[in-house]
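Letter by letter, the chains look like this.
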Amino acid sequence: MASSPPLGWNSWDCFGGSVTEAEVLENASFMAQRLLPHGWDTVVVDIQWYEPTPGDHDYAAVSEAVLDGFGRPQPAVGRFPSAAEGRGFAPLADAVHALGLRFGVHLMRGIPRPAVEADLPIADSPYTAAQIADPGNRCPWNPDNDGVDATHPGAAHWYDALIGQLAGWGVDFIKLDDVLYPPVQRAEIALIAAAIDRSGRDIALSLSPGRELSLEQLDFLRGVAAMWRVSDDLWDTWPGLLEQFQRAARWARTSRPPATPTSTCCRSAGSGSARTSEPSATPG
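All of these numbers come straight from a predicted model, not from anything done at the bench.

Description of the packing of helix H6 (residues 153-169) against helix H7 (residues 186-199)
Two elements in contact, H6 and H7, have axes whose closest approach is 8 Å; the angle formed by their N-to-C orientations is 50°. It follows that H6 is oblique to H7 by the angle criterion. Relative to H7, the crossing made by H6 is right-handed. Facing Ala-155, Ala-156, Tyr-159, Asp-160, Ile-163 and Ala-167 of H6, the residues of H7 in contact are Glu-188, Leu-191, Ile-192, Ala-195, Ile-196, Arg-198 and Ser-199. Considered class by class, the residues forming the contact of H6 with H7 number nine nonpolar, one polar and three charged.

Observations concerning the pairing of strand S7 (residues 173-177)
With five of its five residues buried, S7 lies for the most part within the structure. Both faces of S7 are covered, namely the face carrying Phe-173, Lys-175 and Asp-177 and the face carrying Ile-174 and Leu-176. Strand direction decides the pairing type here: S7 and strand S8 (residues 204-207), joined by four bridges, are parallel. Note that in S8 the partner of Leu-176 across the bridge is Leu-207. Handedness of the crossover joining S7 and S8 through H7 is recorded here as right-handed.

A look at unusual backbone geometry
A cis amide bond, omega -5°, links Pro-182 with the succeeding residue Pro-183. With respect to the element layout, Pro-183 can be found in the loop between S7 and H7. Of note, the phi angle at Asp-124 is positive, near 55°, even though the residue is not glycine. With a relative accessible area of 81%, Asp-124 lands in the exposed category.

Section: the sheet that holds strand S5 (residues 133-134)
Strands in a sheet are paired, the pairing made by backbone hydrogen bonds, and the direction either parallel or antiparallel. Read from one edge of the open sheet, three strands run S4-S6-S5, paired in antiparallel fashion. A single partner strand is all that each edge strand has here, and the edge strands are strand S4 (111-112) and S5. Direction of pairing for S5 relative to strand S6 (residues 145-148): antiparallel, over a ladder of two bridges. Residue pairing in the sheet places Asp-134 in a bridge with Gly-147 of S6.

A look at the confidence of the model for the protein chain
Interpretation of the predicted coordinates at a detailed level should be avoided for regions scoring low in pLDDT. The share of residues in the protein chain with pLDDT of 70 or more is 89%, and the mean pLDDT across the chain is 89. Counting interchain partners and residues more than four positions distant, the pLDDT-below-50 stretch residues 259-284 has 96 contacts.

Quick look at the pattern of salt bridges
If charged atoms from side chains of opposite charge come close, those side chains can pair. This model, assessed by the stated rule, comprises 12 salt bridges. Between Glu-188 and Arg-109 there is a salt bridge whose closest N-O contact spans 2.9 Å. Residue Glu-188 is located in helix H7, and its partner Arg-109 is located in the loop between strand S3 (102-108) and S4; the two are separated by 79 residues in the primary sequence. Note on accessibility: Glu-188 and Arg-109 belong to one class, buried. Of the charged contacts in the structure, one is a salt bridge between Asp-233 and Arg-229, with a shortest N-O distance of 3.1 Å. Given the relative accessible area of 39%, Asp-233 is considered partly exposed. Each of Arg-109, Asp-178 and Glu-188 takes part in a single network of salt bridges with overlapping partners.

Basis of the calculations
Residues numbered from 1 in each chain as written. Predicted model: local features only at pLDDT ≥ 70, side-chain atom pairs only at ≥ 80, totals over all residues. Heavy atoms only, no water. Axes fitted to C-alpha atoms, helices over the stretch in contact; angles between N-to-C directions. Helix = DSSP H or I, 4+ residues; strand = E, 2+ residues; numbered from the N terminus. Parallel < 35°, antiparallel > 145°, perpendicular 65-115°, else oblique. Left-handed = near helix turned anticlockwise from the far one by under 90°. Contact = heavy atoms within 4.5 Å. Nonpolar A, V, L, I, M, F, W, Y, C, P; charged D, E, K, R; others polar. Buried < 20%, exposed > 50% of the residue type's maximum accessible area, 1.4 Å probe, protein only. Pairing = 2+ DSSP bridges. Right-handed = clockwise from strand over helix to strand, strands pointing away. pLDDT = per-residue confidence, 0-100. Salt bridge = Lys/Arg side-chain N within 4 Å of Asp/Glu carboxyl O.

Structure below.
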C-alpha cells in the first residue's frame, strides 16, 4: 500500500513488446546510478515478454506465447537468456534487486489462448484451462488471452497459480492490463487482488488503462489496487496533453493523505499505509 505513486521506468514507450534482458539491465543500471537518489526505483518489463518474436509497437495476429505445462506464461529465452531451464524471471529480478530497485512485469488479464486450445491443466487444481475460459470476454486489441469466467471455482485456482509464480520469481509490481476499459473487469481484478494477498509477497497492483474511467469506481479501486490509470495511452500530442489536465481536475478531489485502509483484500509494496489514486508515473 504505497503512500505515493511509484516512480519508475516502463519498457513500452521505447521498445514496445520487443525489450530484451540486456536492454532492461542497461536501463536499470542507469536508473540506479542517476535516478534512484531522487526516488525512481521501479523497473517494469511491459507486454509480451513471453513472445519469442513480438512486434515493436503492435501485436502478431496469433500469439505464440511460451508457456509452462500449466499454461502460465514464461519469459522467452531468446530475449531473456537467464530464464533458461525454467528459472523464469527470478535471475533478472535478483539482478534488479541487487541494484537497489524493484522489479515489475506487465500482465494481461485472462488465460493464454494456446493454453485453452490445448486444455492444459491448472496447477494444484482439478480444473483445466478450457473449463475456466471465457472467449466472449477477450481483449479487443490484443490476441494473447481469453477472459476468465470468474464464477467458475477454477478461476481462483488459475490466478493463484499465475500470481504465485510471479511472487516466486521476486516480482514487486504488476501492471495489470485491459481491466479499466468499459466495462471495468471487477470480477477478474478482485480475483487477482485476492491472489496477490494469498501469495505472501508484497506486490503493488497497478490497473491499466483508464479510458472513460468513472469516479463511481473509486471505492472499488481503493479496495483492490495500489494505483490506477485515469487515462488511455498518452502520446506526444498537444490535444492528448490537454486532456490530461481535464482528467486531473476531475480526479484531484479524490486524493487523500495516507490512512489505515479499511480493507485488507490485497497486499502491495511501499512504505506507507494507504492506497493512492494518483495516476501512474510509469509510462505506458
